[in-house]
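Secondary and tertiary structure notes
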Amino acid sequence: MCGIIGYIGEAVAQPRLVSGLQNLEYRGYDSAGIALVDDDLAVFKRTGLIGDLALPEDSDQTCGIGHTRWSTHGKPTDANAHPHTDCSGRVAVVHNGIIGNYDDLRTELSEHTFRSETDTEVVAHLVEEQLATTDDLRAAVAAVLDRIEGSYALGVVAAGYDGIVAARQNSPLVVGHGGDGTFIASDVTPLLEHTREVSYLEDGDVALLTGTEVTVWNDGAVVERPTQTIQWDADAAEKGGYAHYMLKEIHEQPQALRQAIAGRLDPVEGSVDLDLSLSPAFLSGLDEIQLVACGTSYHACLYGKQLLELLADVRVTVEVASEYTVGRGRTPGRTLVVGVSQSGETADTLRALRMADRTGIRTLGVTNTVGSTIARECDDALYIQAGPEIGVAATKTFASQVVTLALLSVAVADARGELDPSQARTLLEHVEALPGAVQQVLDRESAVIELAEAYAGGDAFFFIGRRMGCPVALEGALKLKEISYDHAEGFPAGELKHGPLALVTEGTPVLAVVTDGARPEETHNNVKEVQSRGAPVIALVSEAAGVEEFEVGFPVPALGVLEPLVANVYLQLFAYHVANVKERPIDKPRNLAKSVTVE
Ligand code: F6R
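Glancing now at the site of the ligand. Taken together, 14 residues lie near the ligand, and Ser297, Ser341, Gln342, Ser343 and Thr346 sit nearest. Backbone polar atom of alanine 394 to an oxygen atom of the ligand: 2.9 Å apart, as the coordinates give it. Considering the ligand on its own, with 400 Å² of exposed area, one finds that the protein chains cover 90% of that surface. For the shell around the ligand, the secondary-structure elements that each account for two or more residues are α9 (295–312) and α15 (469–484). Here the shell around the ligand is composed, by residue class, of five nonpolar, seven polar and two charged. In terms of domain composition, the shell around the ligand takes at least three residues from each of domain 2 (239–438) and domain 3 (445–581).

Relative to the elements of secondary structure, serine 19 occurs in helix α1 (residues 13–23). For serine 19, a relative accessible area of 18% translates into the label buried. At a separation of 3.5 Å, a polar atom in the side chain of serine 19 contacts the main-chain carbonyl oxygen of arginine 16.

The subject of this paragraph is the side chain of serine 409. Within the secondary structure, serine 409 is located in helix α12 (residues 396–415). Reaching out from serine 409, the side chain makes a polar contact with the backbone nitrogen of leucine 308 at a distance of 3.4 Å. Not counting residues within four places of it along the chain, the set of residues in contact with serine 409 comprises Gly304, Leu307, Leu308, Leu311 and Ala312.

So, on to α1. By the criterion of burial, α1 is predominantly enclosed, with eight of the eleven residues buried. Buried within α1 are the following residues: Ala13, Gln14, Arg16, Leu17, Val18, Ser19, Gly20 and Leu21. Those residues of α1 hidden inside the fold are in contact with β1 (3–9), β2 (31–37), β4 (63–69) and β10 (181–185).

To continue, consider the nonpolar core. Counting residues in hydrophobic clusters, the biggest one holds 94 residues, and the most contacted among them are Ile289, Leu434, Phe463 and Phe574. Considering every element that reaches this core, the biggest residue donor is helix α17 (residues 563–581), with twelve residues. Structurally, this core is a two-domain feature, drawing no fewer than three residues from each of domain 2 (239–438) and domain 3 (445–581). Each residue touching phenylalanine 574, except ones within four places of it in the same chain, is listed here: Val448, Leu451, Ala452, Tyr455, Phe461, Leu480 and Leu511.

Attention now goes to the pattern of salt bridges. This structure, assessed with the given rule, holds 17 salt bridges. Residue glutamate 252 pairs with lysine 248 through a salt bridge whose shortest N-O separation is 2.9 Å. In this pair, the class of glutamate 252 matches that of lysine 248, namely buried. Sharing partners across several salt bridges, the network here consists of Glu202, Asp205 and Arg225.

This paragraph deals with the domain arrangement of the protein. Each assigned domain of the protein is listed with its residue range as follows: domain 1 (2–234), domain 2 (239–438) and domain 3 (445–581). Placing a centre on the C-alpha atoms of domain 2 and another on those of domain 3 gives a separation of 25 Å. Listed by partner, the interface residues are 28 residues for domain 2 and 27 residues for domain 3. Interface area for domain 2 against domain 3, summed over the two sides, is near 2400 Å², with a carbon-plus-sulfur share of 73%. Ranking the residues of domain 2 by area buried against domain 3 places His299, Tyr303 and Gln306 at the top, with a combined share of 25%. The interface formed by domain 2 and domain 3 contains zero salt bridges.

Conventions and cut-offs
- Residues numbered from 1 in each chain as written.
- Predicted model: local features only at pLDDT ≥ 70, side-chain atom pairs only at ≥ 80, totals over all residues.
- Heavy atoms only, no water.
- Near = heavy atom within 4 Å.
- Polar contact = N/O pair within 3.5 Å; in protein donor to acceptor, adjacent residues only side chain to side chain.
- Areas by Shrake-Rupley, 256 points an atom, 1.4 Å probe, with all protein chains shown as cover.
- Helix = DSSP H or I, 4+ residues; strand = E, 2+ residues; numbered from the N terminus.
- Nonpolar A, V, L, I, M, F, W, Y, C, P; charged D, E, K, R; others polar.
- Domains from an automatic or database assignment.
- Buried < 20%, exposed > 50% of the residue type's maximum accessible area, 1.4 Å probe, protein only.
- Contact = heavy atoms within 4.5 Å.
- Core = buried A, V, L, I, M, F, W, Y, C linked by side-chain atoms within 4.5 Å.
- Salt bridge = Lys/Arg side-chain N within 4 Å of Asp/Glu carboxyl O.
- Buried area = accessible area lost by both parts, 1.4 Å probe.

In structure tokens, the structure reads:
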């Protein structure tokens, strides 16, 4: 996730911005920059390390903004690094999030000179237009916010304007009240060396920071945002107060999902825009889509296969990348290979994609990492826009991969002339409701903690599900084994009676996905099978169906075929809290690496 810092006050701004950026390094970044402002604006930015910035040795400006970028729109290049400026070079903007309608705005601003490929730059040009009609920077930014859609935490400065304007919508932004000035930051980490007094902006807030005061408006009226005293140390602050990155990333899922879909879907029309160069002619001529991936990404593909087949009437195969061969009878021009990889660097997935490419088959990389090898080498790249994931166990990226594959399913179905508009509208409405549904599960965390404490002593754990519940069962088991070191297995629920049932005892908790999209009636029968062998069952059940029939049941908000994806959040929390009870090194489990770059 990108990082923001801003300072205005009595002290020289540059050292504060630089140390602020250094304290944001933990979030991951590929480029960095700062803007210093008084009657003029000076911007320093580039790819690489903060220490690589060619900064002046004797700056005396007392106001500025800084940014660490982790690419989502546009490659990691010097031009794409923030801050972004307007045509005149007098306005500078730093931004976290995604401006969903930037394409349309950019077309509208065709008379302006754009220097980057980012969504953010439109904001600088829109502010420039507003400043032609007002000399109030806060009013100018507020007018621009009416024009932009998506998520943002923004910091804006302009030459000759005394102040920083900040705004927040679905992307966190915190204000710091220091002894000699005021700050903005994307989280409290870079503020702690200067102040522990902070206030959190809320969605819709626009703030004006002067060196001595912070005034916040929402919907045109001045509002109070209470000041809080931060007690965390720097390490806890990096994790947003969570004990581990994994837990933080589990909780970031609503935000990650909003980013994954921002500007990409129109539920009223039932359409999506993924900005891919795959032509409708190519997509409608396909005989087969091959999905290749490893680990958690492989499970996302198993889910994605079902969505693609449901919507787009195309044969989809899924292969563990290390086992992939193109296979006989696959014709270039009629086959598409999709490599799904959070890191974009997994050697097995890369090998499979290169193999397909050598036979002339078109490749698409679905990844979280702009500029990664898979993004660069594939014919097309589709970004899941989840923000950096630091915990070794993948969590938010699984959710973002599945939702991105759901959008791809609609795009492919549309191109093939197979789109059932009402089916697409329903799916996209569910996609839009997904962040809220995930939040409802996160809000029940305390019940999952109790559950984990009660069951952490299990001999082994089974996870079962059907249809789209099956990849979630596999993923639930993988998460638990990775971080708790317990024996955990996921099965298609119907397979239990063909063997694994022999292992089920009173000491084997079974976690069952009994939701829509997971053939709940049949899975319920399998639940009864294991219950009659004395196994404790923890069921994740469609809210509409009710949890009463299960001894331990957790409700899943109504969301059709996306219900298993929501149920997965319970399984992530369960895995996390079982491992936490056992005091495992959750963010760095033994023998595992975040990115597996060997075959
Ligand atoms: C599990 C996990 C791994 C990765 C796998 C593929 O929590 O993180 O199973 O999913 O190594 O990695 P990517 O998606 O980077 O290709």
